[in-house]
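Working through the structure, step by step
Listed below, chain by chain, are the residues.
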Number of protein chains: 2
Amino acid sequence: MATGRTHRPATRSRGIPEATVARLPLYLRALTALSERSVPTVSSEELAAAAGVNSAKLRKDFSYLGSYGTRGVGYDVEYLVYQISRELGLTQDWPIVMVGIGNLGAALANYGGFASRGFRVAALIDADPAMVGKPVAGIAVQFIDDLERIIDENGVSIGVIATPAGAAQQVCDRLVAAGVTSILNFAPTVLSVPDGVDVRKVDLSIELQILAFHEQRKAGEENGAPAPAAAAPVAPPVAARTAAAPAAPADAPGDGRNGPDGDMPAVMPA
Amino acid sequence: MATGRTHRPATRSRGIPEATVARLPLYLRALTALSERSVPTVSSEELAAAAGVNSAKLRKDFSYLGSYGTRGVGYDVEYLVYQISRELGLTQDWPIVMVGIGNLGAALANYGGFASRGFRVAALIDADPAMVGKPVAGIAVQFIDDLERIIDENGVSIGVIATPAGAAQQVCDRLVAAGVTSILNFAPTVLSVPDGVDVRKVDLSIELQILAFHEQRKAGEENGAPAPAAAAPVAPPVAARTAAAPAAPADAPGDGRNGPDGDMPAVMPA
DNA sequence: CCATCTTTGTGCACGCGTTCACAAAGACAT
DNA sequence: ATGTCTTTGTGAACGCGTGCACAAAGATGG
């Protein structure tokens, strides 16, 4: 999954576990697909398969919402779509602002998934004067100086940050100061926010790195040894090398940029 | 977090808990930043703050990797960067293919975060003949018919899917058949894959929906009542309404768009 | 009206992840 | 060399999430 929580209350909101909340959109998506095919009811088993989860988990999730569903029959699709939508707050309109209209920001703005479910892009904001006025996804980009006014006038409470890492915290602070209380962060940085502000982050690079870990493990198992060069179960501790000046960087990697294949020498500091 | 696991072995790989693996890239990023500032050592407290996690959690995470770190001093930044990189498999080169070069796919291809850490975009693939040959991020888009050949010739084991939802499963099947064993899925669909194949998914819409849930909850608490109309703790079960035709959608919500405050009537189907 | 069959809702146990709290290890000063 | 002080590494307790397994509920057929 490409998501990671940041500063979450951890306390279950209104009795609904966080893990369940995270799955509700999944169920909603599957139910919407069924609804479009005019399927009247589904069993927990069918719906669970469509959502890619365990059926017991699905039933338990739904039990937190209430006793919808009819024993011996299943769940009424339309009714459940409505209940989950309401629970997620999708029955109302959420104006959002997106800050940082670069490659990623523009792609996100064009992404239909945003506007599809109650979310409305109220404004696109960028710090580059050259971008201002340009239409992206049919909306003219506005200058970042107007950020506070835009948020206030549109009643925005959700912001999306797609700026470079260096600008993210600063933008975040301004968003929060202007009244935004939920932030979706695409910049590869840890954002610090006051209590009461929710941050969710999406980091593409991190997802790939997690995949690489498992990929490496798979490759290592096939090659006979438990792990190729990565085997050495207990690596030698750093030991005596404390006040040895910043000579540290000199002994670990070969040099700043290593070989063209991007690989590291297997030699380790003694 | 904008990520969600799918079909994960759940068994800890080589003794390293999955939750720890997911945090390693976070630590690595923070350490890299320190390294660039030529900071020789960090304490668990400092590094934890930079990575946005608990210091005890960080120390426990590192303990799974081995006993790096020196008591009374902290961790050697360069050494730790190397150790984590090696553990994640980033000391080797990972050729990846990206399928679906639309708005999102093109943005991802241009995204520097991919190439930065051992990942190399080996090919961009699309099903639209009009796209083929066009350079995106300096690479010419190739036709999907060559997918198997491309994967084979480049030894690709990681694939990124950025196609529309409808095409995702089909593309996934072809990737897996061609030998890809790790997939990062940006399409809003549940992918089914055989055992041994890892899938991580990133769904922007889902992240926003989770934020909306918490946002709604916050708004509800401020307005006095624990939850506005969403309160009704135990909603009446759907009960007798089985073969009642698709009349369901007609009785649940008042109408398509409800009141200006975006709330729903408390009336439920009897 | 009764029997059977399907499917929900949930009590319970298990395992993973998080956090606390502290002993051990080492640096540093004297 | 000895003592003090800092920081790691980890044992142990706790809590959440997951999955099993089953009883209760209701539909369906006779």
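The structure displayed is predicted, hence computed values, not measured ones.

This paragraph deals with the overall build of chain A. Along the backbone of chain A there are 10 helices and 10 strands. Partitioning the contacts of chain A with sequence separation of at least 6, the portion at a separation of at least 24 is 58%. Accessible surface, chain A as shown: approximately 11,600 Å² in total, 55% of it carbon and sulfur.

Backbone geometry follows two general trends: most residues other than glycine have a negative phi, and most peptide bonds adopt the trans configuration. Residue and element names in this part refer to chain B. Positive phi, normally seen in glycine, also occurs at S38, with a value near 60°. Its place among the elements puts S38 in the loop between α1 (18-36) and β2 (41-42). Its identity is not glycine, yet A137 carries a phi of approximately 55°, on the positive side. Structurally, A137 is set in the loop between β6 (135-136) and β7 (139-143).

Here we come to the side chain of S157 of chain A. Relative to the assigned elements, S157 of chain A resides in the loop between α7 (147-154) and β8 (158-161). Using a relative accessible area of 13% as the deciding quantity, one classes S157 of chain A as buried. Those residues in contact with S157 of chain A that sit more than four places away from it in its chain are W94, P95, V180, T181 and S182 of chain A together with E215 of chain B.

Turning to the packing of α1 of chain B against helix α4 (residues 77-88) of chain B, a few remarks are in order. Residue and element names in this part refer to chain B. With their axes 9 Å apart at the nearest point, α1 and α4 run at an angle of 145° to one another. You can see that α1 and α4 cross each other, and the crossing is left-handed. In contact with V21, L24, P25, Y27, L28, L31, T32, L34 and S35 of α1, α4 contributes V77, E78, L80, V81, I84, S85, E87 and L88. Considered class by class, the residues forming the contact of α1 with α4 number 12 nonpolar, 3 polar and 2 charged.

Turning our attention to the UniProt feature "binding site: NAD(+)" (unreviewed entry) in chain A. Summarizing the sequence annotation, UniProt attributes the feature "binding site: NAD(+)" (unreviewed entry) to G100, I101, G102, N103, L104 and G105 of chain A in the numbering used throughout. By the secondary structure assignment, G102 of chain A is in the loop between β4 (94-99) and α5 (103-110). Summarising the element assignment, N103 of chain A is placed in helix α5. On the basis of relative accessibility, which here comes to 48%, the residue N103 of chain A falls in the partly exposed class. Look past the residues within four positions of N103 of chain A in its chain and what remains in contact with it is A107 and N110 of chain B.

Before going further, it helps to spend a moment on the nonpolar core. Residues I84 of chain A together with I84 of chain B are the most contacted members of the largest nonpolar core, which totals 109 residues. Apart from the residues lying within four places of it in its own chain, the contact partners of I84 of chain B are L24, Y27, L28, L31, F62 and L65 of chain B.

What follows covers the protein's contact with DNA strand D. Neighbouring residues of DNA strand D: 26 residues in total, closest K57 and R71 of chain A together with S44, Y68 and Y75 of chain B. Sugar plus phosphate, as a fraction of atoms of DNA strand D within 4 Å of the protein: 62%. Elements with a minimum of two residues in the surface near DNA strand D: α1 (18-36) and α3 (55-65) of chain A together with α3 (55-65) of chain B. A class-by-class count of the residues in the surface near DNA strand D yields 7 nonpolar, 9 polar and 10 charged.

This part covers the pattern of salt bridges. Within this structure, the stated rule accounts for 18 salt bridges over all chains. The shortest N-O distance in the salt bridge between D61 of chain A and R23 of chain A comes to 2.7 Å. Pair noted here: D61 of chain A is in helix α3 and R23 of chain A is in helix α1, with a separation of 38 residues, a long-range link. One exposure class covers both D61 of chain A and R23 of chain A, and it is buried. For D203 of chain A, the salt bridge identified is with R29 of chain B, shortest N-O distance 2.2 Å. Of this pair, D203 of chain A sits in the loop between β10 (198-202) and α9 (204-222) while R29 of chain B is found in helix α1, placing the two residues in two different chains. In terms of burial, D203 of chain A and R29 of chain B fall into one category: buried.

Parameters at a glance
Residues numbered from 1 in each chain as written. Chains lettered and ligands numbered in written order. Predicted model: local features only at pLDDT ≥ 70, side-chain atom pairs only at ≥ 80, totals over all residues. Heavy atoms only, no water. Helix = DSSP H or I, 4+ residues; strand = E, 2+ residues; numbered from the N terminus. Contact = heavy atoms within 4.5 Å. Areas by Shrake-Rupley, 256 points an atom, 1.4 Å probe, with all protein chains shown as cover. Buried < 20%, exposed > 50% of the residue type's maximum accessible area, 1.4 Å probe, protein only. Axes fitted to C-alpha atoms, helices over the stretch in contact; angles between N-to-C directions. Left-handed = near helix turned anticlockwise from the far one by under 90°. Nonpolar A, V, L, I, M, F, W, Y, C, P; charged D, E, K, R; others polar. UniProt positions renumbered as here; feature names shortened; annotations may be inferred. Core = buried A, V, L, I, M, F, W, Y, C linked by side-chain atoms within 4.5 Å. Near = heavy atom within 4 Å. Salt bridge = Lys/Arg side-chain N within 4 Å of Asp/Glu carboxyl O.

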